[in-house]
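Report on the structure
Single-letter residue listing:
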Amino acid sequence: KEALAQIRARLARQKDIMNQTHKSEAEEVDEMWKWIKISIFVATPVCVLSVLKDQLVDHDHRKPGPEPDYMRIRNKEFPWECSDCELFNGPCWKKCRAEMAAESA
């Protein structure tokens, strides 16, 4: 009997909470559009400004030439044919492929 009373009390409390926090569909749609507008008017200028900043402001690039030894630490080889070249290091790949072609010829 006591357990049933607790369950009934809990259900009644949950129904009270639902009735207090429930919004109509029209209110929910209005809230959705409010956040869509906020997102558009906040996110769009932020994205545009960040693109402009990246395009207009000078930033440092990788210096040409070989890297210092402490920047090329290899604990294990890369899993591709030129195991000492980073994936997007074009000059290293060209050099490695030329060496491989010279060895096979």
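Summarised in this report is the structure supplied together with it. (Residues numbered from 1 in each chain as written. Predicted model: local features only at pLDDT ≥ 70, side-chain atom pairs only at ≥ 80, totals over all residues. Heavy atoms only, no water.)

1. Details of the state of the cysteines
Enumeration according to the criterion identifies two disulfides in this entry. In this model Cys82 forms its disulfide with Cys96; the gap between the sulfur atoms is 2.2 Å. Its torsion about the S-S bond being -95 degrees, the disulfide of Cys82 and Cys96 is classed as left-handed. One end of the pair, Cys82, is in the loop between helix H2 (25–56) and helix H3 (90–104); the other, Cys96, is in helix H3, and 14 residues separate them in sequence. The exposure class assigned to Cys96 is buried, which follows from its relative accessible area of 15%. Across a sulfur-sulfur distance of 2.1 Å, Cys85 and Cys92 are joined as a disulfide pair. Every disulfide takes its handedness from the sign of the S-S torsion; for Cys85 and Cys92 that torsion is -75 degrees, giving left-handed. The two residues Cys85 and Cys92 agree in class, both being buried. Numbered by order of appearance in the sequence, the disulfide-linked cysteines of the protein pair as 1-4, 2-3. (Disulfide = S-S within 2.5 Å. Helix = DSSP H or I, 4+ residues; strand = E, 2+ residues; numbered from the N terminus. Buried < 20%, exposed > 50% of the residue type's maximum accessible area, 1.4 Å probe, protein only.)

2. Topic: a negative patch on the surface
A surface patch of like charges, here negative, comprises Glu25, Glu27, Glu28 and Asp30. Counting through the fold element by element, Glu25 comes out in helix H2. On the accessibility criterion, Glu25 (63% relative accessible area) is exposed. (Patch = residues over 30% accessible without salt bridge, like charges linked within 9 Å, V, L, I, M, F, W, Y side chains within 5 Å. Areas by Shrake-Rupley, 256 points an atom, 1.4 Å probe, with all protein chains shown as cover. Salt bridge = Lys/Arg side-chain N within 4 Å of Asp/Glu carboxyl O. Lys, Arg positive; Asp, Glu negative; His and termini not counted. Charge placed at Lys NZ, Arg CZ, Asp CG, Glu CD.)

3. Brief notes about the packing of aromatic side chains
Applying the stated criterion across every chain, the model contains two aromatic pairs. Aromatic pair Phe78 and Trp80: ring centres 5.0 Å apart, planes at 10 degrees, arrangement stacked. For Phe78, a relative accessible area of 26% corresponds to the partly exposed category. Aromatic pair Trp80 and Trp93: ring centres 6.5 Å apart, planes at 35 degrees, arrangement tilted. A residue pair is termed long-range when its members are at least 10 positions apart, and Trp80 in the loop between H2 and H3 and Trp93 in helix H3 qualify at 13 residues. Under the relative-accessibility criterion, Trp80 is labelled partly exposed at 26%. The class of Trp93 is buried, set by a relative accessible area of 11%. (Phe/Tyr/Trp six-rings, centres within 6.5 Å; stacked < 30°, edge-to-face > 60°.)

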